[in-house]
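Structural features, examined
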Amino acid sequence: MPQPDYDELIASTKDHSWLSHNPYTDRNDPQQLSIAVRGEGCYIFDHEGKQYLDATGSSHCSAVGHGRQEIADAVSKQIHALEFSGSGLVPFINAPSAKLSQKLADLCPGSLNRVFYTLSGSEAVEAALKIARQYHAQTGNPKKYKVLYRNYAHHGYTWGAMSVSGDPAIRSKIFEPTVPMGVMVPEANPFRCLHCSKTCNLGCARSIEETIKYEDPDSIAAIIVEPISKMAVVPPPEYWEMVVSLCRKNNILLIADEVVTAFGRTGKWFAVNHWNIVPDLMVLGKTLGAGYMPIGAVIGTEEIYKVFLGSPEKTLIQSHTLGNHPVVNAAALANLEIIENEGLVERSASLGPYFKSQLETLNKHQITGDIRSIGLLAQIDLIKDHNTKEPFGGSIEGRQLTRFMVDNGLYMRCSGHSLNIHPSLIITKDQIDFMVDVFDKTLTYAEQELLTK
Ligand SMILES: Cc1ncc(COP(=O)(O)O)c(C=O)c1O
């Protein structure tokens, strides 16, 4: 086969593509772009054949690694049989969807067993928000419309999801007013806690209680939270017990966003399993399709689902033409089967302590603020000063550190103020060692070249 003209591909990307997170796409921009052409296990190979260890698990998606034949076969088989036959208006179902829903119902805790499919995490969040509103409207509480969300949380870039996200990186004055439903409550992050001095007295959870009273419980439909945030923040003990009890007491639906944490990332099938919580709605995304296919889903409990039964007017008013897609569902099902058959959830739990101890060697660096990790999810907060905890840098420093890691064979990104680490669950100890070695060199480079400037 003739080789593609890679220089031409990069030039035409710079000319025509509108890439997210990427200010490099102008022909005059000197920034170097590579083409990812192949993947195998934990490695990505570029157009020059150079190998990179993927520390990002393809943007949080992958448990099973790159190049899995089983998923390629499942996708190919379904495309050859039937690629798609419509969005369900004609009463036909598809077999992969039936099997995937059964599998998810088996895996999810409690009575979470009704699956609504989307094509991304953001759309799944949108669907969860609408389910919550429609549920309350159909149970005699039409005035319940507000949604509590936590500071720094990221639930997606679409308008509704953004309106319940506290991540400053995606909120901008340009998009004000956002959908008037979001009410922010504090995150539960011991490293940057604003509520308790020295010892934790659950100020973050008590602040949610105060907000509920202030806003009026009869106006609050739901709270959306990541049980363990993608920044690897594990809330203090007793936090979840308090939040769940506040929800039950005030008829507020608990929406657990497990777009990042589901399917073994934190050492359990779902992050909620660490506390035996059964949310009313669980949102899935990235990890469900492992990056092989775009998919999201909301899973509701039987109690929620029943409210949508009985007459056409009660049906959920939400649909995506390509949601519940047979090819996408076949890929997700094959992904879950690999996770199960290869014991990857258990692998994440058992490798977690080694991963943590290796990362903790980086505490020797002056700019290391906090290192958090659980299972194979970790974050290192980079700071300038241990007293003020001022973040190390912004996007300019982030780009320099990203380039340094890539040049050293690590497929990894730095935001400038943190390293968010989530390799595939098939990673080996040797690969963890390589990754930590590159972080070590990167932090040294940051301290020597960027800290004083
Ligand atoms: C926790 C969480 N929820 C939802 C989303 C949105 O998912 P998507 O980017 O697939 O729309 C993200 C994306 O990063 C996420 O991290």
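Residues numbered from 1 in each chain as written. Predicted model: local features only at pLDDT ≥ 70, side-chain atom pairs only at ≥ 80, totals over all residues. Heavy atoms only, no water.

1. Concerning helix H1 (residues 6–16)
The complete set of buried residues in H1 reads Tyr 6, Ile 10, Ala 11 and Lys 14. In an axial view of H1, the angular spread of the buried residues amounts to 140°, which keeps them on one side of the axis. Buried positions along H1 lie against strand E1 (36–40). (Buried < 20%, exposed > 50% of the residue type's maximum accessible area, 1.4 Å probe, protein only. Helix = DSSP H or I, 4+ residues; strand = E, 2+ residues; numbered from the N terminus. Arc of directions from axis to C-beta. Contact = heavy atoms within 4.5 Å.)

2. Some details on the sheet that holds strand E3 (residues 51–54)
Backbone-to-backbone hydrogen bonds join strands into a sheet, with any given pair of strands oriented parallel or antiparallel. Strand order in this open sheet of 4 strands is E1-E2-E3-E13, and the pairing throughout is mixed. Looking at which strands have only one partner, the edges of the open sheet turn out to be E1 and strand E13 (410–411). By the bridge criterion, 3 bridges tie strand E2 (residues 43–46) to E3 in an arrangement that is antiparallel. Each bridged residue has a counterpart across the sheet, and for Phe 45 the counterpart in E3 is Gln 51. (Pairing = 2+ DSSP bridges.)

3. Here we look at the site of the ligand
Every residue lining the ligand is accounted for by Ser 120, Gly 121, Ser 122, His 154, His 155, Gly 156, Glu 226, Lys 230, Asp 257, Val 259, Val 260 and Lys 286. Here Ser 122 contributes a side-chain N or O atom positioned 2.5 Å from an oxygen atom of the ligand. Separating an oxygen atom of the ligand from a side-chain N or O atom of Lys 286 is a distance of 3.0 Å. In isolation the ligand exposes 380 Å². Once the protein is present, 84% of that is buried. Classifying every residue of the shell around the ligand gives 2 nonpolar, 6 polar and 4 charged. (Near = heavy atom within 4 Å. Polar contact = N/O pair within 3.5 Å; in protein donor to acceptor, adjacent residues only side chain to side chain. Areas by Shrake-Rupley, 256 points an atom, 1.4 Å probe, with all protein chains shown as cover. Nonpolar A, V, L, I, M, F, W, Y, C, P; charged D, E, K, R; others polar.)

4. What to know about the pattern of salt bridges
Should the charged atoms of two oppositely charged side chains come close, the side chains can pair. Under the criterion given, the structure shown has 13 salt bridges. Among the ionic pairs, Glu 70 bridges to Arg 68, the shortest N-O distance being 3.3 Å. A residue is classified by how much of its surface remains accessible, and Arg 68, at 13% relative accessible area, is buried. Across the pair Arg 114 and Glu 302 runs a salt bridge, and its minimum N-O distance is 3.2 Å. One end of the pair, Arg 114, is in strand E4 (residues 112–118); the other, Glu 302, is in helix H10 (residues 302–306), with 188 residues separating them in the sequence. Overlapping salt bridges bring together Arg 68, Glu 70 and Glu 342 as one network. (Salt bridge = Lys/Arg side-chain N within 4 Å of Asp/Glu carboxyl O.)

5. Points about the pairing of strand E5 (residues 146–150)
The buried fraction of E5 amounts to 5 of the 5 residues, a majority that puts the element mostly inside the structure. Because side chains alternate across E5, one face comprises the buried residues Lys 146, Leu 148 and Arg 150, and the other comprises Val 147 and Tyr 149, equally buried. Pairing geometry for E5 and strand E7 (residues 220–225), over 4 bridges, is parallel. Bridge pairing links Lys 146 to Ile 220 in E7. In this sheet, strand E6 (residues 182–185) lies alongside E5 in parallel orientation, the contact comprising 4 bridges.

6. Some points on the pairing of E3
Count of turn residues in the E2/E3 antiparallel hairpin: 4 residues, of which Gly 49 carries a positive phi of about 85°. Across 2 bridges, E3 lies against E13 in parallel orientation. Bridge assignment links Asp 54 to a residue of E13, and that residue is Tyr 411.

7. Some words on the side chain of His 155
When you line up the elements, His 155 lands in the loop between E5 and helix H6 (159–163). For His 155, the side chain forms a polar contact with the side chain of Asp 257, separated by 2.7 Å. Setting aside its immediate chain neighbours within four residues, His 155 contacts Ser 122, Val 125, Ala 161, Val 164, Ser 165, Ile 224, Val 225, Glu 226 and Asp 257.

8. Digging into the domain arrangement of the protein chain
As assigned here, the protein chain comprises domain 1 (34–64 + 343–450) and domain 2 (70–341). Inter-centroid distance (C-alpha atoms) of domain 1 to domain 2 is 27 Å. Taken together, the 29 residues of domain 1 in the interface contact 31 residues of domain 2. Of the roughly 2,300 Å² buried at the junction of domain 1 and domain 2 (both faces included), carbon and sulfur atoms supply 61%. At the junction of domain 1 with domain 2, the criterion picks out 0 salt bridges. (Domains from an automatic or database assignment. Buried area = accessible area lost by both parts, 1.4 Å probe.)

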